[in-house]
Amino acid sequence: MKVKQVLPLNGLSALELVRQALSHYADVAPELIVPEVRLDAIGVDSLTLAELLFELEDQIGLTIPEGRTAPHLVSDIVRLIEPYLEQAQAAA
Amino acid sequence: MSRRRVAVTGLGLVCPFGSDADALFAALMRGESAVREETVGEGDHTLTIHSAACRDFDAAAALGRSRAAVMDRCSQLAAAAASSAWHDAGLAATGALTAEVQESGCVLWGTGAGGTQTLERCYRELFLRDRTRISPLSVVQGMNNAAASHLAMMFGLGGACLTYSVACASSAVAVGEGLRRIRSGDCQVVLVGGSEAALPYALVKAWESLQVLATSPDGDASHACRPFDNTRSGLVLGEGAAALVLEDWDHACARGARIHAELAGYGSSCDHAHLTMPQAEGQLRALRAALRDARADPGDIGYVNAHGTATSEGDPVEISAMRSLLGGHAANVAISSTKSMHGHLMGASGAIEALITVKAVQSGAVPPTANLAQVDPACAGLDHVRGTGRTGVRLHLALSNSFAFGGSNAVLAFRRAA
């Protein structure tokens, strides 16, 4: 069974957090995961995306509300989690 | 009356011995055991048992991270085994099958416990860690038909995609029903097999409660599983997957496929007597049905890959059924239980033992029952293969038996490819 590693959040950017999480689900080197990359181009479909967001919530410790527009690019996920990551980092 | 013959054109597996069918068969012939002492569970909930796990299986390496990440281990094992079988059948190349054959191609898969590791993870999260939400993939990873669905997607097969859950007979039933599908003219190609990854803590504890798990007589885990032996003490749990590509014989020949063996017959029955105690009469019905279906006589059988779980009750019942079937031929028919070496793969056992039986008829070699020092008198009457395997055997027809909890029985007959 996959063991999820909880990363220390201090000093971690949203892009770095997204890269680490995506590395569990995409067959692409982390350094190639840049903001402009399309999620469907790296094998992230709707099911995988739901799981990815769940893992990011796990890492941040906060729940991202439902009803958001579905992300299509890596940058969309980064923008989505940024405020929650900042909130978690401020609370830490 | 002529009817379609069914060829086995592809073999693939992931098992405690690895992922190579020839390497598996060679190890079995040497009488080697993959059973070890293993600890299952995590945290405060662990248990050490004798088991046969796929220790070296790397799902991400075998399948790619994106595919492996959305699968329970049961589906991961299935996907890896099926990929090997598909490649072995020469079907991996684009255009190997026509669009029509592809669209009618079926997946028939067997599993006893399905995505049970996913279920245990969910319960652990909810009840031990007080999580209020669990992974969105839980349903599609945990559902019993997940493996078959993934295989249909992987190989673009648009015919029936079915999952059989018949405990230890699950994948034997899947193989047999695949035979029927091709004979009926429904399709030319069927991907059949089974997978099981049923070693999470709770399920292992459940097996422990049944008091059927083997103990080693000398502390060596590889000696724990002793089918038909006077001192047998029960079964060893295992995990893994095996896949076979079944193909209409004429279709296989037309495309120049290598044929491993013919799947000649299939018989199924139910004891309708007890949930756990097997009945020789029920098993005999399946055995006779398989022989009738193969249009063969008891004297044609050269080898039986037994169900042989090494339980005190099960082994004598199976031998009694075999003696009834074989009559005066019994003493000349070689029999072995390879579970003694690869463990009981539960829902996948029928498929891996079918694969082993195919290798036996193909190579004219029969593997042994490991750890069989002294045959229990109640299990005598057939030619038990002990120690190491036999080569140079004139083997034209072999049976593979699967007799399950719940009383369901499935017997497959394989014939040497002419």
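Residues numbered from 1 in each chain as written. Chains lettered and ligands numbered in written order. Predicted model: local features only at pLDDT ≥ 70, side-chain atom pairs only at ≥ 80, totals over all residues. Heavy atoms only, no water.

**Q** Help me get a handle on the interface of chain A and chain B, residues and values and all.
**A** Contact with chain A, which involves 17 residues of that partner, is made by 15 residues of chain B. There are two salt bridges connecting chain A and chain B. B:Arg133 is the salt-bridge partner of A:Glu57, the closest N and O atoms lying 2.7 Å from each other. (Contact = heavy atoms within 4.5 Å. Salt bridge = Lys/Arg side-chain N within 4 Å of Asp/Glu carboxyl O.)

**Q** Give me the lowdown on unusual backbone geometry, citing residues and values where you can.
**A** If a residue is not glycine, its phi is most likely negative; likewise, a peptide bond is most likely trans. Residues and elements named next belong to chain B. Positive phi values are uncommon outside glycine, yet Asp130 reaches one of about 50 degrees. Checked against the element boundaries, Asp130 lands in the loop between helix H6 (116-128) and helix H7 (138-142). Given the relative accessible area of 63%, Asp130 is considered exposed. A positive phi angle is found at Asn371, which is not glycine, with a value near 65 degrees. If you trace the backbone, Asn371 turns up in the loop between helix H15 (349-363) and strand S12 (383-384). (Helix = DSSP H or I, 4+ residues; strand = E, 2+ residues; numbered from the N terminus. Buried < 20%, exposed > 50% of the residue type's maximum accessible area, 1.4 Å probe, protein only.)

**Q** Describe helix H8 (residues 146-155) of chain B, listing the residues and the values that go with them.
**A** An α-helix turns once per 3.6 residues; consequently, residues spaced three or four apart project the same way. Counting buried residues along H8(B), eight of its ten residues qualify, which places the element largely inside the surrounding structure. B:Gly156 occupies a position one or two residues after H8(B) and carries a positive phi of about 65 degrees.

**Q** Let's hear about the sheet that holds strand S5 (residues 161-164) of chain B: which residues, and what values?
**A** Residues and elements named next belong to chain B. One open sheet accounts for eleven strands, arranged S5-S4-S6-S8-S1-S9-S14-S13-S10-S11-S12; its pairing is mixed. Edge strands, defined here as strands with exactly one partner in the open sheet, are S5 and S12. Examined bridge by bridge, strand S10 (residues 301-305) and strand S13 (residues 397-403) share four bridges and lie parallel to one another. Opposite Asn305, over in S13, you have Ser400 as the bridge partner. Lying over the sheet, helix H4 (residues 73-88) contacts strand S1 (6-14), strand S4 (106-110), strand S6 (189-196) and strand S8 (240-248), oriented at roughly 135 degrees with respect to S1. Each of S1, S6, S8, strand S9 (261-270), S10, S13 and strand S14 (408-415) is contacted by H15, which is oriented at about 165 degrees to S13, the strand it contacts most. (Pairing = 2+ DSSP bridges. Axes fitted to C-alpha atoms, helices over the stretch in contact; angles between N-to-C directions.)

**Q** Help me get a handle on the pattern of salt bridges, residues and values and all.
**A** Counted by the stated rule, this structure contains 27 salt bridges over all chains. Taking the shortest distance from any N to any O, the salt bridge between A:Asp58 and B:Arg131 comes out at 2.7 Å. Note that A:Asp58 is positioned in helix H2 (residues 46-60) and B:Arg131 in the loop between H6 and H7, a pairing that runs across two chains. Take A:Asp58: its relative accessible area is 29%, and that puts it in the partly exposed class. B:Arg390 is the salt-bridge partner of B:Asp383, the closest N and O atoms lying 2.6 Å from each other. In this structure B:Asp383 comes out as partly exposed when scored by relative accessible area, which is 22%.

**Q** Just give me the short version of the confidence of the model for chain B, but keep the residues and values in it.
**A** A low pLDDT means the predicted coordinates there should not be read in detail. Taken as a whole, chain B shows an average pLDDT of 96; of its residues, 100% reach a score of 70 or greater. For this predicted complex, the interface confidence comes out at an ipTM of 0.82, alongside a pTM of 0.95. (pLDDT = per-residue confidence, 0-100.)

**Q** Requested: an account of the packing of H2(A) against helix H3 (residues 74-91) of chain A, with residues and values cited.
**A** All names here are of chain A. Axis separation between H2 and H3 bottoms out at 10 Å; the angle between their running directions is 15 degrees. On the basis of the axis angle, H2 is roughly parallel to H3. Where H2 crosses over H3, the handedness of that crossing is right-handed. Between H2 and H3, the residues in contact are Leu49, Leu52, Leu53, Leu56 and Ile60 and Ile77, Leu80, Ile81, Tyr84, Leu85 and Ala88, respectively. Looking at the contact of H2 with H3, its residues break down into eleven nonpolar, no polar and no charged. (Parallel < 35°, antiparallel > 145°, perpendicular 65-115°, else oblique. Left-handed = near helix turned anticlockwise from the far one by under 90°. Nonpolar A, V, L, I, M, F, W, Y, C, P; charged D, E, K, R; others polar.)

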